[in-house]
Amino acid sequence: MLIIKDLHANVEGKEILRGINLTINAGEVHAIMGPNGSGKSTLANVLAGNTNYEVTKGEVTFFGKNLLEMSADVRAKEGLFLSFQYPVEIPGVSMINFLKTAVNESRKYHQLKELSAGDFLKVMREKKEMVQIDSQLTNRSVNEGFSGGEKKKNEIFQMAMLEPKLAILDETDSGLDIDALRIVANGVNLLKRPENATIVVTHYQRLLDYIVPDFVHVLYKGQIVKSAGKELVLELEEKGYDWIKKELGE
Amino acid sequence: MIESITFESTEQRIFQLFTENIALLNEGAGTLLRNDREEAMKAFQRMGIPSRKVENYKYTDLTKLFALENYNRAFRSTSFDFDMQEVFTCDVPEFDTHILFHVNGWYFDQNRTDQFPEGTIIKSMKSAWLENSELIEKYYGKIADSTTDPLVALNSAFAQDGVFIYIPDHVVIEKPIQIINLLRSEEDLYVTQRNLVVLGNNSQTKLMFCDHTLAIHSFVANYLTEVQLGEDAVADIYGIQNQHNGTAYLNGIFVRQERNSQLITNTISLHGGITRNHLQVDLQGEHANASLYGLSLTDKDQHSDIFTSIIHGQPGCHSNQIFKNVLDDNSTGAFTGRIHVMPGAKKTEAYQRNNSVLMTKAAKMNTKPQLVIDNDDVKCSHGATVGQVNEEALFYLQTRGINEKEARLMLMFAFAHEVLANIGVEPLRQSIDRLVNKRLRGEVSRCHDCKLTEGRSLEVPRL
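The rules we used
- Residues numbered from 1 in each chain as written.
- Chains lettered and ligands numbered in written order.
- Predicted model: local features only at pLDDT ≥ 70, side-chain atom pairs only at ≥ 80, totals over all residues.
- Heavy atoms only, no water.
- Domains from an automatic or database assignment.
- Contact = heavy atoms within 4.5 Å.
- Buried area = accessible area lost by both parts, 1.4 Å probe.
- Salt bridge = Lys/Arg side-chain N within 4 Å of Asp/Glu carboxyl O.
- Helix = DSSP H or I, 4+ residues; strand = E, 2+ residues; numbered from the N terminus.
- Buried < 20%, exposed > 50% of the residue type's maximum accessible area, 1.4 Å probe, protein only.
- Polar contact = N/O pair within 3.5 Å; in protein donor to acceptor, adjacent residues only side chain to side chain.
- Expected span 1.5 Å × (residues − 1).
- Arc of directions from axis to C-beta.

Draft legend 1. Highlighting the domain arrangement of chain B. Residues and elements named next belong to chain B. According to the domain assignment, chain B contains domain 1 (10-271) and domain 2 (286-388). The gap between the C-alpha centroids of domain 1 and domain 2 is 23 Å. The interface is formed by 21 residues belonging to domain 1 together with 25 residues belonging to domain 2. Contact between domain 1 and domain 2 buries roughly 1800 Å² in total, counting both sides, with carbon and sulfur atoms accounting for 44%. Three residues stand out in domain 1 for area buried against domain 2, namely Asn 56, Tyr 59 and Ser 269, and they jointly supply 31% of the buried area on that side. Here domain 1 is connected to domain 2 by one salt bridge. Of the charged contacts in the structure, one is a salt bridge between Lys 368 and Glu 55, with a shortest N-O distance of 2.8 Å.

Draft legend 2. Spotlight on the interface of chain B and chain A. On the chain A side, the residues contacting the 15 residues of chain B number 29 residues. Buried area between chain B and chain A, summed over both chains or domains, comes out near 1800 Å², and the portion from carbon and sulfur atoms is 69%. Considering only the surface of chain B that becomes buried against chain A, Phe 395, Tyr 396 and Arg 400 of chain B emerge as the three largest contributors, covering 42% of it. In this assembly, chain B and chain A are joined by one salt bridge. When the shortest N-O distance is used, the salt bridge between Arg 400 of chain B and Glu 155 of chain A registers 2.7 Å.

Draft legend 3. Focus on the environment of Arg 52 of chain B. Residues and elements named next belong to chain B. With respect to the helices, strands and loops of the structure, Arg 52 is situated in the loop between helix 3 (31-47) and helix 4 (62-68). Using a relative accessible area of 44% as the deciding quantity, one classes Arg 52 as partly exposed. Distance from Arg 52 to Thr 63, taken between C-alpha atoms, is 8.1 Å for residues eleven residues apart in sequence. When neighbours within four sequence positions are excluded, Arg 52 is seen to be in contact with Tyr 57, Lys 58, Tyr 59, Thr 60 and Asp 61. From its side chain, Arg 52 meets the backbone oxygen of Lys 58 in a polar contact 2.9 Å long.

Draft legend 4. Here's a closer look at helix 6 (residues 178-191) of chain A. Residue and element names in this part refer to chain A. With 14 residues, helix 6 ought to run about 20 Å at 1.5 Å a step, and its terminal C-alpha atoms sit 20 Å apart, in line with that. Buried residues of helix 6: Ala 180, Leu 181, Val 184, Ala 185, Gly 187, Val 188 and Leu 191, and no others. For helix 6, the angular spread of the buried residues around the axis is 155°, confining them to a single face. Buried residues along helix 6 sit against helix 4 (117-131), helix 5 (148-162), strand 9 (166-170) and strand 10 (197-201).

If you want it as C-alpha cells, here you go:
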C-alpha cells in the first residue's frame, strides 16, 4: 500500500528526516514511537502533503502512485487521512458544510454521484453514533471552541466520514483523559478493515493498549532505528528510550 | 450658442453650475430649503473639494474624481410611463418588504405608501419640505453638518429630492422598508439624493438601501441620509451596494440617537468603482446603543473607503464596530474609525475592529483607528489586522480532500460571515450570504435576485 524509501525532509532548512524506510500493507497497524523531536510529526506531515516541509531525497509510493507529486487534497482523495495532533479551529466554516464538501469532492474524484443532502445527513448520523461524537458538535464551526477531547473525537469522526485506506493518527492520545481515549481508540478499531491500514504516531504506550499494533518502529534522529512486533511497546515502557540510545552507542 | 469655458478650478465649475441652475434647483422648494442651500454653498466654497491632505478624506482622492467628472446633472426627475413595481421586483425568497424606488436620486412618484400604520409619513423630500415644514425644520440639516464636511455641504447645496420617513411614537413597522436606488441614464450623470428618517419615541423600523446601476454610463452618486432615533427607538439600517465599476458612490449616513435607542447598521459593498461610506453616530442620550458592521469586497481597480465617527456624548452608551475587507487584484481599501468619548460620558463602552484579507500582493489596505477619550471611566478597544488567508486552516481543509481554490473560498466566506451573521432579517441574511459567496467566486457582478422584466427599456448591462 505505502512504500517509503530513503525519505529525507527539511523544515526551514534543517534536516529532520534522514532516510526513512517503511513498508505498510493492507490490514496492518503500525506504531511509530520515539522521543520528542525525533521526527514523528514531521513524517506524518510530509506524508499528508504539508508544503512547509521540503522533501530533499527519497520516494514514497501509495498504491503504486508517486505520493510526493500529489497535492494534499489529492492525497486525501486517494485515501490518505491525517488525524492532526492539534486540529485547527476554523470559525465560520460549519462542520456540515465542510464535511459535505469534503465527502462530495472525494466522490466526484472517484466519479461517483454526489450525495444528496438527505443521504449525507443519514450517513452523518450513522457515523456520529459509531464514534460517539456529541450530536451538537456538528452544528458548530469546525473545531471552534471544542475541548481537546472533542477535537480528537472530531478527527476520528471525519475519518469515519471519509473512509480512508490509510489513516495516520498523529499523537491522537495527547490531551485525552482515559474515557475519551477509550472512545477514540474504539472508533479507530471499529473503522478497521482488512483492506485498510493505520499508522499510530505516539510518544506513549497508553494508546497502544487499545489500538494493538502489528509492528512497532522506533524513530530516533530522523531514522527508524528499531522495528519489532507489539512486544517492543512493553519493552520501551519498561526501559524507556534511553535503552535505545544506549543500544545505538550514545 | 454654446461656449466652451475653462474654469480655474473644480469648485468654480461647481459654483457656476449652482448659480446657473438655481431656478431649477429651487423649483417647488420652500424658503427653508432655499436658505439652507445658499448657506451650504457658501460652506462648500470655503472648504472646497477635499484633497488627500484633509484628514477625513486622506484615503480617497476626490479632487481627481471631481476634476474628471463633468457629468450631466439630474436637476429634474426622470419620468416613466409604466409601473416600476411591475417592472422591477426583488426576488429574495420570502423577503416581504415595503418597496420604495428612487431613480437618479428622485423619489419615484408611483411608490405605494398606503399600507403603513396611521400617522406614519412616507413621501418625497420635495413634498415634505413644503408640507411638513415643522418636522423638517426640526431635523433637516441638524444631524449632518454642512459647515464642517464638504460632501455634506455639496449634498445640501444641490439637494432636491429623496425620501422622507416619519414614524410616530410607539409605532412599529414590521416589514422592512426597502429603498431601491436606481441609476439610469443615457449619458454620464451626477446624482444627488437626500433622505431624512425620523423615528419617534419607542418606534421601530428596518431600512434596507439597495444601490444599483442600470446603465453602462459613469455616475457620481452623492447620497446623504439623516436619521433621528427618538428615545427607546430601534432601527436596523442595511445597505447593499451593487453598482458597476464606473460608479463613484459617496454615501453618508448620519444618525442622532436619544436615550436608550438602538441602532444597527450593516454596510455591504459588493461592487462599485470608488466607494466611500461615511457613517456618523451621535449618541446624545444616555444608554444608547449603536452597532456598526460592514463588509467590502473589492477587486480589479476598485476602491472602498469606510469612515466612521462615533460620538459618545452621554454616559452609559455602548458602541461596537466590526468592519471587514476582502481585497483582490489591484484594489484598495481604507478604514478610519473615530471614536470620541466626551467629558462626562462616563461608563462608555466603545469597541472597534477592522480585519482585512489581501488576496494579492498588489492589493492595498489602510486602516486607522482614532480614539479620542476625554474621560477616564470608559472601556474602549480597537484592533486592526491585515493579512493573508490562514495557511494552517487551508492545509487542514486540503487534507480532507478539498482543493486549494475551494478551501480558500471557504475561508474567505467564513471570514465574511462574522459580519453577515449580524443581519437580523433571516431571508435577507441568507440572500446576502448567497450573493457574497457568488461574488467571492467571481460569478456575479450584480444582485441576481433583482429581476427586471424582459423587453423593457430598463436593461441591466452585463459588465
